[in-house]
Amino acid sequence: MKVGLVAVGQAGGKIADALVRYERNAVVDIVADAVAVNTARADLLGLREIEPERRVLIGGDRVKGHGAGADNELGAELARDDIDEIRDAVDAIPTSDVDAFLVVAALGGGTGSGGVPVICRELRRIYEEPVYAFGVLPARDEGGIYTLNAARSLKTVVEHADATLLFDNDAHRESGESLAGGYGRVNDEIARRLGVLLSAGEARDPTPEKVVDASEIINTLGRSGGVASLGYASAPLERKRGLFGGRKPIEEDSLASTTRVTATVRRAALGGLTLPSELSNVERALVVVSGPPETLSREGIEDARRWLETATGTPEVRGGDYPLRDTDHLAATVLLGGVTEAPRLAELRAAAVEAQRNVAEIAERSGLSAGIWDAEGLDPLF
């Protein structure tokens, strides 16, 4: 599956950089072209993989290239004001090669949080291809304003994207790791997950027994809004070296291959999700198992697909394989579409409403207008 990649804000640009780098290192063809949009000139200059002519500075007349801070209303306004420049950059992407657009950003800041729903809305207005958002949720210790920004941005973007893939920063921080120290590793982790998923439908040698093409990914994500989660897990393989250092095929009985495949899929779906959620709270699923051809048990993949059907309670579960010759791991990628509820989202909503109420109370004590801050609910960005 090939995407037109649009990165918004600082974090979005770094994730896009990591995905383009993954594409090059893995020798796959999954990004038709990449565009980076930002209000901060320094962030655009710091990108390594996105071509300079594909970097769009917006809001220059108002914020002078210094960014929108944590003001996502300002970020949305600047994206609306300069939407023609953004659209011109995206129009340069060869859409004849594009299966979908992917708009990437962190949802807690200013430019990305505010700009993503604006850009998704514009792309859906113009293009027939589906428009998907990939949003990173802020960690709990990033502060109330980031939580509120993320909740309001998410409430808005799900109305303007065909589907929104979410990544919970807290669920993927390693023990004792600082927030800043984990950014690079998390970006690479996001790129690997997206890269494996998007690569699954690519024509390869050897040919998959069951190809997962772009239409199956699109059907799993859906086109009616909503939230999705992406799971991943891998298992090491013992491969013997040949007489002259070459890799020998892995020799094992079919039961061992079947067991490894099903166990890896279960770990991906139960413990490796970008947005942890109960499997019973999803509407569609897709599983792709990758590794050396001799380890890709067809029985194991079918067993895993049937297990997902039972766990999710939906017959709409797709599955396939992705053979790779030069790897010492078997990996499983699980895409869950139509996530109806997740603990982190419920927590995010509650924390955001509390933060919104605090803002309203402070405004009232100060004799100021609370504006859009409605303590009874959560307001979208627009």
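Fair warning: this is a prediction, and the values are worked out from it, not measured in the lab.

Here is what the cut-offs are and how they apply
Residue positions within a chain follow its written sequence, with the count starting from 1. Reporting of local features is limited, given that this is a predicted model, to residues whose pLDDT is at least 70; pairs of side-chain atoms are given and counted only at 80 or more, and all residues count toward the totals for whole chains, interfaces and linings. To get the side-chain values, take all heavy atoms of the structure and skip hydrogens and water. Every case where a carboxyl oxygen of Asp or Glu lies within 4 Å of a side-chain nitrogen of Lys or Arg is listed as a salt bridge. The numbering of helices and of strands both runs from the N terminus, where a helix is a DSSP run of H or I of at least 4 residues and a strand a run of E of at least 2. A simple rule labels every residue: compare its accessible area, found with a 1.4 Å probe on the protein chains alone, to the largest value its type can have, and call it buried under 20%, exposed over 50%, or partly exposed in between. Patch building starts from residues that exceed 30% relative accessible area and form no salt bridge, then joins like charges within 9 Å and nonpolar side chains (Val, Leu, Ile, Met, Phe, Trp, Tyr) within 5 Å. Only the protein chains shown count as cover for residues, with accessible areas throughout obtained via the Shrake-Rupley method and a probe of 1.4 Å. Positive charges come from Lys and Arg, negative ones from Asp and Glu, while His and the chain ends are left out of the count. Charged side chains are reduced to one point each, which is NZ for Lys, CZ for Arg, CG for Asp and CD for Glu. For two strands to pair, DSSP has to find at least two bridges joining them. Here, axes are lines fitted to C-alpha atoms. For helices the fit covers the stretch in contact, and angles between N-to-C directions go from 0 to 180 degrees. Crossover handedness is defined here as right-handed if the route from the first strand over the helix to the second strand goes clockwise, with the strands pointing away from the viewer. Two aromatic rings from Phe, Tyr or Trp, using only the six-membered ring of Trp, form a pair when their centres are within 6.5 Å; if the ring planes differ by under 30 degrees the pair is stacked, by over 60 it is edge-to-face, and anything between is tilted. Only heavy atoms enter the contact rule, under which two residues are in contact if any of them lie within 4.5 Å.

**Q** Please give an account of the pattern of salt bridges that cites residues and values.
**A** Side chains that carry opposite charge are capable of pairing whenever their charged atoms lie near each other. Counted by the stated rule, this structure contains 27 salt bridges. Arg124 is the partner of Asp162 in a salt bridge, and the nearest nitrogen-oxygen pair spans 3.3 Å. With Asp162 in the loop between helix H7 (144-160) and strand E6 (163-168) and Arg124 in helix H6 (residues 111-126), this pair connects stretches of sequence that are 38 residues apart. Given a relative accessible area of 34%, Arg124 falls into the partly exposed group. Notably, a salt bridge pairs Asp162 with Arg223, separated by 3.7 Å at the nearest N-O pair. Here Arg223 lies in the loop between helix H9 (214-221) and strand E7 (227-236) and Asp162 lies in the loop between H7 and E6, a separation of 61 residues in the sequence. A single network of salt bridges, built from pairs that share partners, joins Arg140, Asp168, Asp170, Arg344 and Glu347.

**Q** Account for a negative patch on the surface, with residues named and values stated.
**A** Together, Asp61, Glu85, Asp88 and Asp91 make up a region of like negative charge exposed at the surface. In terms of residues, the negative patch owes the most to one element, helix H5 (residues 83-91), which gives three residues. Residue position: Glu85 is located in helix H5. On the basis of relative accessibility, which here comes to 41%, the residue Glu85 falls in the partly exposed class.

**Q** Give a detailed account of the sheet that holds strand E10 (residues 329-339), specifying residues and quantitative values.
**A** Taken in spatial order, the ten strands of this open sheet run E3-E2-E1-E4-E5-E6-E7-E10-E8-E9, and their pairing is mixed. Sheet topology places strand E3 (55-57) and strand E9 (317-323) at the edges, where each strand pairs with a single neighbour. Across this sheet, the average inter-strand angle for adjacent strands is 20 degrees, counted without regard to direction. Pairing of strand E5 (residues 131-137) with E6 involves six bridges; the strand directions are parallel.

**Q** Describe the pairing of strand E1 (residues 3-8), listing the residues and the values that go with them.
**A** Remark: a regular strand shows side chains that alternate across the two faces of the sheet. Taking burial as the measure, the six residues of E1 include six buried ones, the bulk of the element. Residues Val3, Leu5 and Ala7 of E1 are buried on one face, and the alternating residues Gly4, Val6 and Val8, pointing to the opposite face, are buried as well. Sheet analysis places E1 next to strand E2 (residues 31-38), joined by six bridges and oriented parallel. Counterpart to Val6 in the pairing with E2 is Val35. For the handedness criterion, the β-α-β arrangement of E1, helix H1 (residues 9-26) and E2 is classed as right-handed. Where E1 and strand E4 (residues 100-106) come together, five bridges link them in parallel fashion. Bridging from a neighbouring strand, Ala7 pairs with Val104 of E4.

**Q** Outline the packing of aromatic side chains, listing residues and values.
**A** Any two aromatic rings considered together are summarised by their centre-to-centre distance and by the angle between their planes. Counted under the stated rule, the structure contains one aromatic pair. With a centroid separation of 4.7 Å and an interplanar angle of 45 degrees, the aromatic rings of Phe101 and Tyr127 are classed as tilted. Of this pair, Phe101 sits in strand E4 while Tyr127 sits in the loop between H6 and E5; the two residues are 26 residues apart in sequence, bridging distant segments of the chain. Phe101 gets classed as buried once you look at its relative accessible area, which sits at 0%.

**Q** Tell me about the environment of Pro206, and name the residues and values.
**A** With respect to the element layout, Pro206 can be found in the loop between helix H8 (179-199) and H9. Overall, Pro206 belongs to the buried group, its relative accessible area being 15%. Distance in space between the C-alpha atoms of Pro206 and Pro323 is 6.3 Å, their sequence separation being 117 residues. Once residues lying within four places of it in the same chain are set aside, the contact partners of Pro206 are Pro293, Pro323 and Arg325.

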